[in-house]
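# Report on the structure
Listed here are the chains, written in short residue letters.
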Amino acid sequence: MKVLAIDSSNYVMGIAVMVDNTIVGEMITNLKKNHSIRLMPAIEELLEEVGVKPNELDRIVVAEGPGSYTGLRIGVSIAKTLAWTLNIPLVGVSSLEVLAQSGRFFDGAIVPFFDARRGQVYNGIFVKDKAHLVRKSEDQIVLFEEWLKENIDAHEQFLFISNDLSNHKEAIVEILGEKAVFPPVSSTNARPSELAVLGAVKKPVGDVHSFKPNYVRMAEAEAKWLASQEK
């Protein structure tokens, strides 16, 4: 099976091609540049480099969110167009689940997150089960400091994986202390190769046309509280 994986859900833009059980090509950039201009040319370049023609693909896998609204729309739109044009299955995978794979061997809570501004983050909790991860919470948007205080006793250690660590590291350490663990910088980018592997075994979406990004909305109470703070 030939799989094309696409992730433009955040600043990190990633593309990977998997042939059977081998990742034959992977491209990652972490730049504040327009995905709408760069993504399709990058896909064409990688496919040409690895010698896979578009009509040879068997499946398109896309990071479905949460993340940047604009980035998600671009990636999902291109993935849907390719799947429909080539008449092949489309699979959506949580952007947070992809990022969490970098911590799959950690003994404790694995917490991937993306900054959502105004003290908020998109996050989830995963734990390892042998070489695989098990989800312990749904993808969500939370007021991060409140979430840290509420979950401080839930696990002995927490591994925080994010390219946005610099925005929140001080608060994490202040609240969790030695319970907080941080990965090396080389493990903070979501890997499109992991997206390809996850998507290769996941059930395709039923209808390509109706597939939408998972933006993850905040709870109504939090939305009202944030609105009140801006008055």
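Our structure is the block above this text.
Along every chain, residues carry numbers that run from 1 in the direction the sequence is written. Two thresholds apply to this predicted model, a pLDDT of at least 70 for residue-level local features and 80 or more for giving and counting side-chain atom pairs, whereas whole-chain, interface and lining totals are computed over all residues. Note that the side-chain values use all heavy atoms of the structure and ignore hydrogens as well as water.

### Focus: unusual backbone geometry
We apply this condition: Note on conventions: DSSP H or I runs of at least 4 residues are helices, E runs of at least 2 residues are strands, and numbering of each starts at the N terminus.
Between G65 and the following residue, P66, the backbone shows a cis peptide bond with an omega angle of 5 degrees. Relative to the helices and strands, P66 is located in the loop between β4 (59–63) and α2 (69–86). A positive phi angle, near 60 degrees, is found at K130, a position not held by glycine. In this structure, K130 sits in the loop between β8 (126–129) and β9 (132–135).

### Section: the pattern of salt bridges
For clarity, the cut-off: Should a side-chain nitrogen of Lys or Arg be within 4 Å of a carboxyl oxygen of Asp or Glu, the pair is scored as a salt bridge. Only protein chains enter the accessibility calculation, which uses a 1.4 Å probe; a residue whose area is less than 20% of its type maximum is buried, one above 50% is exposed, and one in between is partly exposed.
According to the stated counting rule, one finds four salt bridges in the structure shown. We note a salt bridge from E194 to R104, for which the minimum N-O separation is 2.7 Å. In this pair, E194 sits in helix α6 (residues 192–201) while R104 sits in the loop between α3 (95–100) and β6 (109–117), placing the two residues 90 residues apart along the sequence. This pair shows no difference in class: E194 is buried, exactly as R104 is. Its salt-bridge partner being D139, residue R135 comes within 2.8 Å of it at the nearest N-O pair. According to the relative accessible area criterion, R135 is partly exposed, its value standing at 28%.

### Some thoughts on the pairing of β9
Cut-off, in case you're wondering: At least two bridges found by DSSP between two strands are what make those strands a pair.
Note that β8 and β9 share four bridges and pair antiparallel. Paired with K128 across the strands is L133, a residue of β9. Two successive antiparallel strands, β8 and β9, enclose a turn made up of two residues, where K130 displays a positive phi of approximately 60 degrees.

### Observations concerning helix α5 (residues 165–176)
Residue pairs three or four apart in sequence face the same way in an α-helix, which turns once every 3.6 residues. As a reminder, the rule being used: For a helix, the expected span equals 1.5 Å multiplied by the number of residues minus one. By arc we mean the arc of the directions from the helix axis to the C-beta atoms, nothing more. Pairs of residues are marked as contacts when any of their non-hydrogen atoms sit within 4.5 Å.
For α5, with 12 residues, the first-to-last C-alpha span of 14 Å runs short of the 16 Å given by 1.5 Å per residue. The complete set of buried residues in α5 reads L165, H168, A171, I172, I175 and L176. What you see down the axis of α5 is that its buried residues fit within an arc of 145 degrees, all on one side. Facing away from the buried side of α5, by more than 90 degrees, are the exposed residues S166, E170 and E174. At its buried positions, α5 is contacted by β6, β7 (120–123), α4 (144–151), β11 (158–161) and β12 (180–181). Directly after α5, the chain includes G177, whose backbone phi takes a positive value near 60 degrees.

### What about the packing of aromatic side chains?
As a reminder, the rule being used: For Phe, Tyr and Trp, where Trp contributes only its six-membered ring, two rings pair if their centres lie within 6.5 Å, and the inter-plane angle classes them as stacked under 30 degrees, edge-to-face over 60, or tilted in between. Whether a charge lies above a ring is judged from NZ of Lys or CZ of Arg, which has to be within 6 Å of the ring centre and within 35 degrees of the ring normal.
Going through the model one piece at a time under the given rule, you end up with seven aromatic pairs. Measuring from centroid to centroid gives 6.1 Å for F144 and F160, while their planes differ by 75 degrees, and the two rings are edge-to-face. Taken as a pair, F144 in helix α4 and F160 in strand β11 lie far apart in primary sequence, 16 residues in all. Exposure class is identical for F144 and F160. Each is buried. What links up through ring pairs into an aromatic cluster is the set F113, F144, W147, F158, F160 and F182. Sitting over the face of the ring of F182, K169 holds its NZ or CZ atom 4.8 Å from the ring centroid.

### Topic: the side chain of T29
Basically, it comes down to this: Polar contact criterion, stated in full: a pair of N or O atoms within 3.5 Å, where within protein one must be able to donate a hydrogen and the other to accept it, and residues adjacent in sequence count only if both atoms are side-chain atoms.
If you trace the backbone, T29 turns up in strand β3 (residues 22–30). Taking relative accessible area as the criterion, T29 reaches 17% and is therefore assigned buried. Within polar-contact distance, the side chain of T29 engages the side chain of R38 at 2.9 Å. The residues touching T29, leaving out its near neighbours within four places in the chain, are Y11, V12, M13 and R38.

### Notes on the side chain of K80
Going by this rule: The convention is simple: Lys and Arg are positive, Asp and Glu are negative, and His and the chain ends are not counted.
Positionally, K80 belongs in helix α2. No salt bridge forms around the buried K80; measuring N to O, its nearest opposite-charge neighbour D207 is 7.9 Å away. If near-sequence neighbours (up to four positions away) are discounted, K80 is found in contact with L90, V208, H209 and F211.

### A word on helix α1 (residues 35–50)
Taking 1.5 Å of rise per residue, the 16 residues of α1 would be expected to cover 22 Å, and the 22 Å separating its terminal C-alpha atoms lies within 8% of that figure. Of the residues making up α1, those classed as buried are H35, R38, L39, A42, I43, L46 and L47. Take α1 and look down its axis: the buried residues cluster within an arc of 155 degrees, on one side only. Facing away from the buried side of α1 by over 90 degrees, the exposed positions are I37, E45 and E48. Tucked into the core, α1 has its buried residues touching β1 (2–7), β2 (12–19), β3 and α2. The positive-phi residue at the C-terminal boundary of α1 is G51, with phi of around 75 degrees.

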